[in-house]
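Structural features, examined
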Amino acid sequence: MIRLEGVTKRYRSAAGERVALDAIDLTVGRGQVFGVVGRSGAGKSTLVRTINRLETPNAGKVFVGDQEITALKPAALRAARRRIGMIFQHFNLLNAKTIEENVAFPLRLEGRPDVEVRARTTELLARLGLAEHAKKHPAQLSGGQKQRVGIARALACGPEVLLCDEATSALDPETTDEILSLLDELNRELGLTIVLITHQMEVVRRVCDRVAVLKDGRVVEEGATADVFLHPKSPVTRSMLAEGEGGESFDASIVPVGGRLAKLTFRGTATYEPELSRVARSVGVDYSILSGRISRIRGEPYGQMVVAFTGGDAEAAVARLSERGVVVEAVS
Ligand SMILES: Nc1ncnc2c1ncn2[C@@H]1O[C@H](COP(=O)(O)OP(=O)(O)OP(=O)(O)O)[C@@H](O)[C@H]1O
């Protein structure tokens with residue numbers, strides 16, 4: 001649905017040249033929720049803004065559907081942008097206009113007939129739970145309600161793609177959750193392809209099918225969210241994940257146990273099965289659990305724990321667990 005090929009963006013300023021995106025290749029499938037994460041300055045905003053050409057790359061191509069966005073003339077670009085909605089961290093609403101006028105705005109710009117504008121606006125306000133606020137102004141709404149207005153406005157022209165630029169970063173955790181549930185619903189019900197940039201790993205864990213990790217304008221890791229979260233490869237991914245868990249990463253050097261240390265990952269329904277105790281019993285090994293958590297990644301359960309096998313055949317336990325689909329990794 002979206003393809004970036006060798007996308008490079010450089011900014012020139014008094015301080016010199018800065019490469020914000022360095023030959024990025026990325027593919028987002030139709031109907032996916034795709035997360036782009038990275039630390040401040042990694043290039044996330046620049047990347048998402050090349051998709052609707054709010055930023056024009058210095059080199060490379062951007063495709064949305066079968067259209068090359070980077071090759072479009074102004075009139076064709078305006079038409080293409082109707083297929084690409086966008087929401088922002090600070091909502092970017094028109095403060096002098098009412099909520100319904102904000103939502104109607106893109107339709108009015110397109111010159112749609114009044115009857116159609118009113119019908120579509122009413123439908124969107126009802127869909128997003130905003131009907132009772134139609135005549136209010138943005139200043140009278142909470143952050144979560146303002147973001148709903150932003151989403152309604154982004155959906156007005158019936159886009160296939162929704163770009164979210166730190167859309168939940170200005171919201172409290174409860175409201176973030178509510179907006180993420182809404183994005184999840186829109187993805188599932190409308191088949192909307194969503195590209196979401198964030199510095200919050202928790203946002204990716206909740207809603208993204210796939211994720212790319214950006215550092216200094218390059219993709220350092222990319223894959224299915226569960227794979228990247230459970231088996232992160234790059235140091236930046238590891239450290240961002242550890243921070244998301246309150247900095248609690250396992251440190252073998254301070255654990256006073258012997259034996260063989262292993263990180264076990266269970267996915268799906270295996271998460272809730274007593275696999276570890278079954279295997280330990282069958283091969284006659286003891287184990288201590290040194291850290292562990294059970295959670296969900298985009299709704300799929302997983303369990304991950306670090307154990308020390310002692311007093312028995314640890315090799316046999318590892319082999320038996322692997323046979324049963326548990327991913328076993330060495331811990332150092
Ligand atoms: N208009 C601009 N002019 C000059 N430099 C810019 C401009 N926009 C971004 N940059 C620089 O490009 C780099 C990438 O910026 P970008 O905003 O894309 O990163 P980001 O990952 O979204 O960061 P943040 O989370 O802080 O917004 C940064 O070094 C930034 O200072």
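All residue numbers refer to position in the chain's written sequence, counted from 1. Given that this is a predicted model, residues contribute local features only at a pLDDT of at least 70 and side-chain atom pairs are listed and counted only at 80 or more, while totals for whole chains, interfaces and linings are drawn from all residues. Only hydrogens and water are removed before side-chain values are computed, so all heavy atoms of the structure are retained for them.

Going by what an unreviewed UniProt entry lists, the chain is known as Cell division ATP-binding protein FtsE and is assigned to Brevundimonas subvibrioides. UniProt positions are given in the numbering used here, feature names are shortened, and annotations may be inferred rather than shown by experiment. For the chain, the Function (unreviewed entry) comment in UniProt is given as "Part of the ABC transporter FtsEX involved in cellular division. Important for assembly or stability of the septal ring." UniProt's Sequence similarities (unreviewed entry) comment on the chain is quoted here verbatim: "Belongs to the ABC transporter superfamily."

Counting from the N terminus, the helices are the DSSP runs of H or I reaching at least four residues and the strands are the DSSP runs of E reaching at least two. On the secondary structure map, Leu-171 appears in the loop between β7 (161-165) and α6 (173-190). It is 22 Å that separates the C-alpha atoms of Leu-171 and Thr-46, two residues lying 125 residues apart in sequence.

Moving on: the pattern of salt bridges. Salt bridges are counted wherever a side-chain nitrogen of Lys or Arg sits within 4 Å of a carboxyl oxygen of Asp or Glu. With the rule as written, the count across this model stands at 32 salt bridges. Two residues, Arg-127 and Glu-189, come together in a salt bridge whose shortest N-O distance is 2.9 Å. Highlighted residues: Arg-127 in helix α4 (residues 114-127) and Glu-189 in helix α6, separated in sequence by 62 residues. Relative accessibility decides the category of a residue: with a 1.4 Å probe and only protein chains considered, values under 20% of the type maximum give buried, values over 50% give exposed, and everything between is partly exposed. Of the residues examined, Arg-127 reaches a relative accessible area of 31% and is grouped as partly exposed. Look at Glu-189 and you get exposed, because its relative accessible area is 54%. One continuous salt-bridge network, built from bridges that share partners, spans Arg-82, Glu-110, Arg-112 and Glu-116.

If you look at soluble globular proteins, the nonpolar side chains tend to sit buried side by side. To qualify as a nonpolar core, a set must consist of buried Ala, Val, Leu, Ile, Met, Phe, Trp, Tyr and Cys residues joined through side-chain atoms within 4.5 Å. One finds Ile-87, Ile-151, Leu-162, Cys-164, Leu-183, Ile-194 and Leu-196 to be the most contacted residues of the largest nonpolar core, which totals 50 residues. Contacts are assigned to residue pairs that have any heavy atoms within 4.5 Å of one another. If sequence neighbours within four positions are ignored, Leu-196 has contacts with Val-33, Phe-34, Gly-35, Val-36, Cys-164, Leu-183, Val-203, Val-207 and Cys-208. Ranked by size, the runner-up nonpolar core spans 29 residues in total, among them Phe-34, Val-62, Ile-69 and Ala-80.

Looking now at helix α1 (residues 44-51). Across the eight residues that make up α1, a large majority, six, are buried. Where α1 is concerned, the buried positions are Lys-44, Thr-46, Leu-47, Val-48, Thr-50 and Ile-51. One or two steps after α1, the chain reaches Arg-53, where phi turns positive at roughly 60°.

Let us look at the site of the ligand. Contacts to the ligand come from Tyr-11, Arg-18, Ala-20, Arg-39, Ser-40, Gly-41, Ala-42, Gly-43, Lys-44, Ser-45 and Thr-46. Here a polar contact means two N or O atoms within 3.5 Å. Within protein one must be a hydrogen donor candidate and the other an acceptor candidate, and residues neighboring in sequence count only if both atoms are side-chain atoms. A distance of 2.9 Å separates an oxygen atom of the ligand from a polar atom in the side chain of Lys-44. Mapped by element, the contributors of at least two residues to the shell around the ligand are β2 (16-28) and α1. The element that contributes the greatest number of residues to the shell around the ligand is α1, accounting for three residues. Across the shell around the ligand, the residue classes break down as three nonpolar, five polar and three charged. Note on definitions. A residue lies near a molecule or strand when any single heavy atom of the residue is within 4 Å of it. Note on residue categories: nonpolar means Ala, Val, Leu, Ile, Met, Phe, Trp, Tyr, Cys or Pro, charged means Asp, Glu, Lys or Arg, and polar means any other residue, Gly included.

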